[in-house]
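Working through the structure, step by step
Below are the chains, spelled out letter by letter.
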Amino acid sequence: MARPKKDRVMPHLLRAQTALRRERDAYLAGLLDKAITHRAATLASGQPRTSGPQPDKRVMKAIAFIHENLADRRMTLNSIAAASGSSMFHLARLFSAEIGLPPHTYVRQMRLQLARELLAHHQGMTIVDVALACGFASQAHFSTAFTKGIGLSPGSFRKKATALAQRKARR
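Residues numbered from 1 in each chain as written. Predicted model: local features only at pLDDT ≥ 70, side-chain atom pairs only at ≥ 80, totals over all residues. Heavy atoms only, no water.

**What to know about the pattern of salt bridges**
A side chain of one charge can pair with a side chain of the opposite charge when the charged atoms of the two come close. One pass over the structure, following the stated rule, counts 2 salt bridges. The shortest N-O distance in the salt bridge between Asp-56 and Arg-58 comes to 2.8 Å. Owing to a relative accessible area of 21%, Arg-58 belongs among the partly exposed residues under this scheme. With a shortest N-O distance of 3.3 Å, Arg-74 and Asp-72 are connected by a salt bridge. For Asp-72, a relative accessible area of 27% gives the class partly exposed. (Salt bridge = Lys/Arg side-chain N within 4 Å of Asp/Glu carboxyl O. Buried < 20%, exposed > 50% of the residue type's maximum accessible area, 1.4 Å probe, protein only.)

Structure representation (structure tokens):
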């Protein structure tokens, strides 16, 4: 069986996302998040891509499973592999080759992206609620991962997102 080719777009999107975190440009970061989500959904849906061959069906099943179970903190590589119909090791190799990231990194990034959306648009949710809705075991685990991944604490991110929304509403 021929080895699937790596998705060439996703790594560029993720590098741009990392660069934007340093710039702290919420508008561009939001646009880039939407592009990453769209790219992941396109890969999961099996729709034709503009570059390269069709992604492996097992990887598409794995991505779909990840998105359906993002809030489940018990999701493991073993459960993702079982849902995709392959072994853990084979899925890890396929996933990395196709997406450009290992499955656990992809899951963490999708959880952080969901957390950003919830923090910015659901003011009624506490940070603990957001942490649990995104599949983190505790608020401490969530806060550490969010701060490391986004560059701001969840509370600071929410304050900035709220201020930005208020400025937009005044216009």
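Here the narrative resumes, following the displayed structure.
**Some points on helix 3 (residues 57-68)**
Along its 12 residues, helix 3 runs 16 Å from first to last C-alpha, staying within 8% of the 16 Å computed at 1.5 Å per residue. The N-cap of helix 3, judged by a side-chain oxygen 2.7 Å from the amide nitrogen of Arg-58 a few residues on, is Asp-56. (Helix = DSSP H or I, 4+ residues; strand = E, 2+ residues; numbered from the N terminus. Expected span 1.5 Å × (residues − 1). Polar contact = N/O pair within 3.5 Å; in protein donor to acceptor, adjacent residues only side chain to side chain.)

**Some points on the packing of aromatic side chains**
Going through the model one piece at a time under the given rule, you end up with 4 aromatic pairs. In this structure an aromatic cluster arises from ring pairing among Phe-136, Phe-142, Phe-146 and Phe-157. (Phe/Tyr/Trp six-rings, centres within 6.5 Å; stacked < 30°, edge-to-face > 60°.)

**Remarks on the environment of Ala-83**
Inspection of the secondary structure puts Ala-83 in helix 4 (residues 77-84). Here Ala-83 falls in the partly exposed class, since its relative accessible area comes to 34%. Each C-alpha atom of the pair Ala-83 and Ile-63 lies 9.8 Å from the other, and the pair is 20 residues apart in sequence. Ignoring anything within four residues of it in the chain, the contact list for Ala-83 reads Lys-61 and Phe-65. (Contact = heavy atoms within 4.5 Å.)

**Side note on helix 4**
Residues Ile-80, Ala-81 and Ser-84 constitute the buried set of helix 4. Considered in projection along helix 4, the buried side chains sweep an arc of 100 degrees and stay on one side of the axis. Among the structural elements, helix 3, helix 5 (88-99) and helix 6 (103-121) are those in contact with the buried residues of helix 4. Of the residues one or two after helix 4, Gly-85 is the one with positive phi, at around 80 degrees. (Arc of directions from axis to C-beta.)

**Considering the packing of helix 4 against helix 5**
It is at 9 Å that the axes of helix 4 and helix 5 come closest, and there the two elements cross at 85 degrees. The pairing of helix 4 with helix 5 is recorded here as roughly perpendicular in orientation. For the pair formed by helix 4 and helix 5, the contact residues are Leu-77, Asn-78, Ile-80, Ala-81 and Ser-84 on the first element and Met-88, Leu-91 and Ala-92 on the second. Among the residues making up the contact of helix 4 with helix 5, the classes are represented as 6 nonpolar, 2 polar and no charged. (Axes fitted to C-alpha atoms, helices over the stretch in contact; angles between N-to-C directions. Parallel < 35°, antiparallel > 145°, perpendicular 65-115°, else oblique. Nonpolar A, V, L, I, M, F, W, Y, C, P; charged D, E, K, R; others polar.)

**Section: the nonpolar core**
Core analysis: the biggest nonpolar cluster contains 24 residues, and Ile-66, Ile-80, Phe-95, Ile-99 and Tyr-106 have the highest contact counts within it. Elements with a minimum of two residues in this core: helix 1 (10-23), helix 2 (26-45), helix 3, helix 4, helix 5 and helix 6. Ranked by residue count, the leading element in this core is helix 3, at 5 residues. Ala-120, Ile-150, Leu-152 and Ala-161 belong to the second largest nonpolar core, which has 16 residues in total. (Core = buried A, V, L, I, M, F, W, Y, C linked by side-chain atoms within 4.5 Å.)

**Quick word on a positive patch on the surface**
Residues Lys-34, Arg-167, Lys-168, Arg-170 and Arg-171 make up a contiguous surface patch of positive charge. Here Lys-168 is to be found in helix 9 (residues 154-170). (Patch = residues over 30% accessible without salt bridge, like charges linked within 9 Å, V, L, I, M, F, W, Y side chains within 5 Å. Areas by Shrake-Rupley, 256 points an atom, 1.4 Å probe, with all protein chains shown as cover. Lys, Arg positive; Asp, Glu negative; His and termini not counted. Charge placed at Lys NZ, Arg CZ, Asp CG, Glu CD.)

All we've got here are geometric facts, nothing functional implied.
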